[in-house]
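Here is what each chain is made of, one letter per residue.
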Amino acid sequence: MKDMYDVLVIGAGPAGSIAARTAAEKGLDVLLIEKRQEIGDPVRCAEGVSKVHLKKYVEIDKRWICSDLNASHIYAPDGTKIEMAEEIAGGEVGYVLERKVFDRALAEQAAEAGAEVMVKTRATGLIIEDDFVRGARLMHLGKEYDVRARIVIGADGVESKVGRWAGIDTSLKPIDIETCAQYLIAGANIDQHHCEFYIGNEIAPGGYIWVFPKGGGKANVGIGVLGSKTGKFKPRPVDYLNRFMEKKFSDARIVEMVFGGVPVSGSIEKTSTNGLMLIGDAARQSDPITGGGILNAMNAGKIAGEAAYAAISAGDVSLKKLEEVYEKPWRETMGHDINMSLIVKNCFINLSDEELNSLAYSLKNVKFERMSLLDLLQALFKANKKLLWDLRVLFKDAAKEVVKNKT
Amino acid sequence: MSLKINRYKCGYCGACVGVCPKGALELVETWVEVDESTCITCGICDRICPVGAIEVMK
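Definitions and limits used
Residues numbered from 1 in each chain as written. Chains lettered and ligands numbered in written order. Predicted model: local features only at pLDDT ≥ 70, side-chain atom pairs only at ≥ 80, totals over all residues. Heavy atoms only, no water. Phe/Tyr/Trp six-rings, centres within 6.5 Å; stacked < 30°, edge-to-face > 60°. Helix = DSSP H or I, 4+ residues; strand = E, 2+ residues; numbered from the N terminus. Buried < 20%, exposed > 50% of the residue type's maximum accessible area, 1.4 Å probe, protein only. Contact = heavy atoms within 4.5 Å. Buried area = accessible area lost by both parts, 1.4 Å probe. Salt bridge = Lys/Arg side-chain N within 4 Å of Asp/Glu carboxyl O. Polar contact = N/O pair within 3.5 Å; in protein donor to acceptor, adjacent residues only side chain to side chain. Nonpolar A, V, L, I, M, F, W, Y, C, P; charged D, E, K, R; others polar. Core = buried A, V, L, I, M, F, W, Y, C linked by side-chain atoms within 4.5 Å. Pairing = 2+ DSSP bridges. UniProt positions renumbered as here; feature names shortened; annotations may be inferred.

- As annotated in an unreviewed UniProt entry, chain B carries the name Ferredoxin and comes from Methanosarcina barkeri MS.

- As annotated in an unreviewed UniProt entry, chain A carries the name Digeranylgeranylglycerophospholipid reductase and comes from Methanosarcina barkeri MS.

Dropping the structure here:
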């Protein structure tokens, strides 16, 4: 470890590793730190990811793919099943990853590109001078070091401290977080080619239960519950999960327990300041509807790595510059999608089980592989006029897309 | 008043750290630490803990 770098990346998840790799490939001097002694472990993720989108950021390697999915089955509270084929379901699910291998491979790629990587190294504070972030105080094996950097990238996850240290309020309200529990189960007879989602206020208030096959008869069975719908005198996610397990997989063996918090706040006001950018879960960039965060994190990492190069080359790492090279590009692309998902989330968390059943029922016999987003929304609106009103903004947006695609 | 984290129950996921309005919690490697001087024992962390490992002691 030196005492000065071009870029210091805090956190070696998918966001941090891609940022470090991108910056290093541009020729910058990069330090990537991870507070844990093992990158990718413990896992805090359902591990599902879209095939098509993943290919944009990394070459697919069989070593970190557990299963290849071609369909999603969604179950309404009364058991009504909606089947979605790959083209539609592929939005978020396609592969189920082995994050322990995947995350490490991404960090290795950053290292290969020239970034220095240090594990069991955590940031304990930022070096701030003249209102600019100029590095961080790091602790490695009990010893503290001051490391200076032209740009600091905070990729420190849901529990992010980096933003707060720089004066960016990243705290989540209970309605802004899905609180999650998951078991990796073995010994259950699980179809390895499709994933399942279960929705309903009785089984997963404000969230859903997922079953993601992981190869060899194993599966990630997990639940997310909206933070505002759980609490001290209500069942916890782990209680709901146990109930579901008892009903569906009473014979299965639990070989791993996973817990996690997923930001579903939609995009936050600020993700950069003088000399600093936040990316991934630290920037609350996960999707408010699906909770999917891997691809957005990788996308933000790529944008931030390029932004670091642009800002440092220009000799200007001010907020104004970072707004131009980081904030603007991410907000115009995935920021827009995140905000649209937030609108849908805010509508769906208020639907009763009866309403969810009726929506599912109206889609039951629809052939999904030929459906566009617009058709899907139209089918939903037919069943529920109130939904049309609540989601009118989306509808406008979808209509715009159609017009754009025609011209 | 203080916050008690049951480390035998805690799954060190960091969800509590993310919702703490005061930044009083920190996930250090695989355990959660509380800064007693900043914690206002508001109980939001207790509310969202997926396993119920946090208790506000009044």
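**A word on the packing of aromatic side chains**
Residues and elements named next belong to chain A.
So, point 1. All told, the structure shown has seven aromatic pairs over all chains when counted by the stated rule.
So, point 2. Judged by centre distance (5.3 Å) and plane angle (70 degrees), the rings of Phe-197 and Tyr-208 are edge-to-face. Taken together, the positions of Phe-197 in strand β13 (residues 194–198) and Tyr-208 in strand β14 (residues 208–215) put the pair eleven residues apart, joining distant regions of the chain.
So, point 3. What makes Phe-197 buried here is its relative accessible area of 13%.
So, point 4. For the ring pair Tyr-208 and Trp-210, a centre distance of 5.8 Å and an interplane angle of 70 degrees mean the geometry is edge-to-face. Across the pair, Trp-210 and Tyr-208 agree in class, each one buried.
So, point 5. Chaining the aromatic ring pairs together yields one cluster made of Tyr-75, Tyr-198, Phe-244 and Phe-249.

**Focus on the interface of chain A and chain B**
So, point 1. In this complex, chain A contributes 30 residues to the contact, which on the side of chain B involves 27 residues.
So, point 2. Interface area, chain A with chain B, both sides summed: about 2,300 Å², of which 53% is carbon and sulfur.
So, point 3. For the interface between chain A and chain B, the tally reads four salt bridges.
So, point 4. With a closest N to O distance of 2.9 Å, Glu26(B) and Arg122(A) form a salt bridge.
So, point 5. The interface formed by chain A and chain B includes 18 residue pairs in polar contact (both at pLDDT 80 or more).
So, point 6. Secondary-structure elements contributing two or more residues to the side of chain A that touches chain B are β9 (121–129), β12 (177–186), α6 (237–248) and β16 (253–263) of chain A.
So, point 7. Taken together, the residues of the side of chain A that touches chain B break down into ten nonpolar, nine polar and eleven charged.

**Things to note about the nonpolar core**
So, point 1. Counting residues in each nonpolar core, the largest one holds 45 residues, and the members touching the most others are Ile185(A), Val221(A), Ile223(A), Met245(A), Phe249(A) and Leu25(B).
So, point 2. When residues of this core are traced back to their parent elements, those giving at least two are β12, β14, β15 (218–226) and α6 of chain A together with α1 (15–19), β2 (25–28), α2 (44–48) and β4 (54–57) of chain B.
So, point 3. Take this core: its biggest share by element is five residues, from α6(A).
So, point 4. Residues within four places of Val221(A) in sequence aside, it is in contact with Ala181(A), Gln182(A), Tyr183(A), Ile185(A), Trp210(A), Val211(A), Leu241(A), Phe244(A), Met245(A) and Phe249(A).
So, point 5. With 36 residues, the next largest nonpolar core counts Val7(A), Leu32(A), Ile153(A) and Ala300(A) among its residues.

**Quick look at the pairing of β14(A)**
Residue and element names in this part refer to chain A.
So, point 1. In terms of burial, β14 is a largely internal element, eight of the eight residues being buried.
So, point 2. In terms of strand pairing, β13 meets β14 through three bridges, oriented antiparallel. What sits directly across from Glu-196, in β14, is Val-211.
So, point 3. Between β14 and β15, which pair antiparallel in sequence order, lie two residues; one of them, Gly-216, sits at a positive phi of approximately 60 degrees.

**A closer look at the UniProt feature "domain: Digeranylgeranylglycerophospholipid reductase catalytic" (unreviewed entry) in chain A**
So, point 1. The UniProt record marks residues 176–262 of chain A with the feature "domain: Digeranylgeranylglycerophospholipid reductase catalytic" (unreviewed entry), using the residue numbering of this structure.
So, point 2. The annotated region residues 176–262 of chain A carries 14% helix and 48% strand content, and the separation between its end C-alpha atoms amounts to 8 Å.

**A few points about unusual backbone geometry**
Residues and elements named next belong to chain A.
So, point 1. Looking along the chain, the bond that leaves Asp-41 and enters Pro-42 is cis, with omega of -5 degrees.
So, point 2. Tracing the backbone shows Pro-42 in the loop between β2 (30–33) and β3 (48–49).
So, point 3. The backbone of Glu-47 sits at a positive phi, close to 75 degrees, despite the residue not being glycine.
So, point 4. Of the residues examined, Glu-47 reaches a relative accessible area of 2% and is grouped as buried.
So, point 5. Despite not being glycine, Arg-284 has its phi angle at roughly 60 degrees, a positive value.
So, point 6. Tracing the backbone shows Arg-284 in the loop between β18 (276–278) and α7 (294–313).

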